[in-house]
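Given next are the chains, with one letter for each unit.
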Amino acid sequence: MILALTAGSTLLAGVIQRITGLGFALVLIGPAVLVYGPLDGVTLTVLLAVVASLCALPQAWKDVDWRRTSGLLVAGMLVAPLGALTAGVLPEPALLLLIAAMAVFALVAHRIRALAPALRGRRGGVVAGAAAGYMHASSGLSGPPLAAYAVGDGWGQTRFAASAQVIFVGYGTLSVLLRGLPPQPIPEVVLLAACTAVGILFGTLLTRSIPPRIARIAMLACAWAGAGVVLVRAVLSMLA
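Residues numbered from 1 in each chain as written. Predicted model: local features only at pLDDT ≥ 70, side-chain atom pairs only at ≥ 80, totals over all residues. Heavy atoms only, no water.

## Looking at the UniProt feature "transmembrane region" (unreviewed entry) in the protein
- Within the UniProt annotation, "transmembrane region" (unreviewed entry) is assigned to residues 35-57, 69-88, 94-112, 124-148, 160-178, 190-208 and 214-236.
- End-to-end, the C-alpha atoms of residues 69-88 are 28 Å apart, and along that stretch the chain is 100% helix and 0% strand.
- Annotation note: span residues 160-178, helix share 100%, strand share 0%, distance between end C-alpha atoms 26 Å. (UniProt positions renumbered as here; feature names shortened; annotations may be inferred. Helix = DSSP H or I, 4+ residues; strand = E, 2+ residues; numbered from the N terminus.)

See the structure below:
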């Protein structure tokens, strides 16, 4: 029953990832942490997120915006080791509060006139990429800074969703190298990876009937929900 719940969550995460460009970790992180614990759950989520993005890439490849993608990718991968180090040093409540604060700040920065330029152009890509890479390595959640940059820089939803898959493959692969492989039995990991692939396939079919404007709204909803989930986890950790 527990494995079935995790498999269902993995399938749903794949669908949302393909439609919005992000959201895989957001959907899966709760069930994974609940079933496997904070460390092993995040490690498993990071690995499956790589599988999700690799499965989405063949359909998304033609829409990748390499100019923006390269800046986000390089900045994030340079900062990712610091995120992994922080995750190993800070107490869980402090780490979660830091990540939640970064996520919320990224999502509101483009609405603050004095800060809006920081999420535009090449400089904005470096800032958003560094924040996203740090958050990915430390918690598996990197969507909010990327979503904020997409909105602030006027990045079209279709090209953003495609480009995000390349970024997540890079962030995720490095995070797996830094965190190691999940300790779950290999058949269990293979089953969840297969559910991820099926979810991406379903999501690909759905993208044909979902307008980009609706996908952008869903993307921002996922980003805000991700920040909220981390904040709730931080509060619960402090109360435990």
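Here the narrative resumes, following the displayed structure.
## Thoughts on the confidence of the model for the protein
- In this model, the protein carries a mean pLDDT of 82, and residues with pLDDT of at least 70 account for 90%.
- Helix α5 (residues 92-109) is the least confidently modelled element of the protein, averaging 72 in pLDDT, while helix α9 (residues 186-207) averages 91, the highest of any element. (pLDDT = per-residue confidence, 0-100.)

## Side note on helix α8 (residues 157-179)
- Over its 23 residues, α8 runs 31 Å from end to end, which matches the ideal 33 Å to within 8%, given 1.5 Å per residue.
- A large share of α8 lies buried, amounting to 17 of its 23 residues.
- Downstream of α8 by one or two residues, G180 has phi in the positive range, about 90°. (Expected span 1.5 Å × (residues − 1). Buried < 20%, exposed > 50% of the residue type's maximum accessible area, 1.4 Å probe, protein only.)

## Thoughts on the packing of helix α1 (residues 2-20) against α8
- It is the contact of α1 with α8, at a shortest axis distance of 7 Å, that shows an interaxial angle of 125°. The pairing of α1 with α8 is recorded here as oblique in orientation. Across the interface between the two elements, Q17, I19 and T20 of α1 pack against Q157, F160, A161, Q165 and F168 of α8.
- Residues belonging to the contact of α1 with α8 are distributed by class as follows: four nonpolar, four polar and no charged. (Axes fitted to C-alpha atoms, helices over the stretch in contact; angles between N-to-C directions. Parallel < 35°, antiparallel > 145°, perpendicular 65-115°, else oblique. Contact = heavy atoms within 4.5 Å. Nonpolar A, V, L, I, M, F, W, Y, C, P; charged D, E, K, R; others polar.)

## Here's the deal with the environment of L192
- Among the structural elements, L192 can be located in helix α9.
- Considered as a pair, L192 and A7 are 185 residues apart in the sequence and their alpha carbons are 5.6 Å apart.
- Every residue in contact with L192, bar those within four places of it in the chain, is listed here: L3, T6, A7, T10, Y36, L44 and L48.

## As for the pattern of salt bridges
- Tallying each qualifying case throughout the model produces three salt bridges.
- A salt bridge links D63 to K62, with the shortest nitrogen-to-oxygen separation between them at 3.8 Å.
- For K62, a relative accessible area of 68% gives the class exposed.
- In this structure, D153 engages R68 in a salt bridge whose closest nitrogen and oxygen atoms are separated by 2.8 Å. Highlighted residues: D153 in the loop between α7 (143-152) and α8 and R68 in helix α4 (residues 66-89), separated in sequence by 85 residues.
- By relative accessible area, which is 14% here, R68 ends up buried.
- The structure contains a network of salt bridges with shared partners spanning D65, R68 and D153. (Salt bridge = Lys/Arg side-chain N within 4 Å of Asp/Glu carboxyl O.)

## A closer look at the side chain of R68
- Looking at R68, its side chain comes within polar contact range of the side chain of D153, at 2.8 Å.
- Each residue touching R68, except ones within four places of it in the same chain, is listed here: Y149, D153, G154 and W155. (Polar contact = N/O pair within 3.5 Å; in protein donor to acceptor, adjacent residues only side chain to side chain.)

## A few points about the side chain of T69
- Within the fold, T69 resides in helix α4.
- T69 gets classed as buried once you look at its relative accessible area, which sits at 1%.
- Those residues in contact with T69, other than ones at most four positions away along the chain, are V64, W155, S163, V166 and I167.

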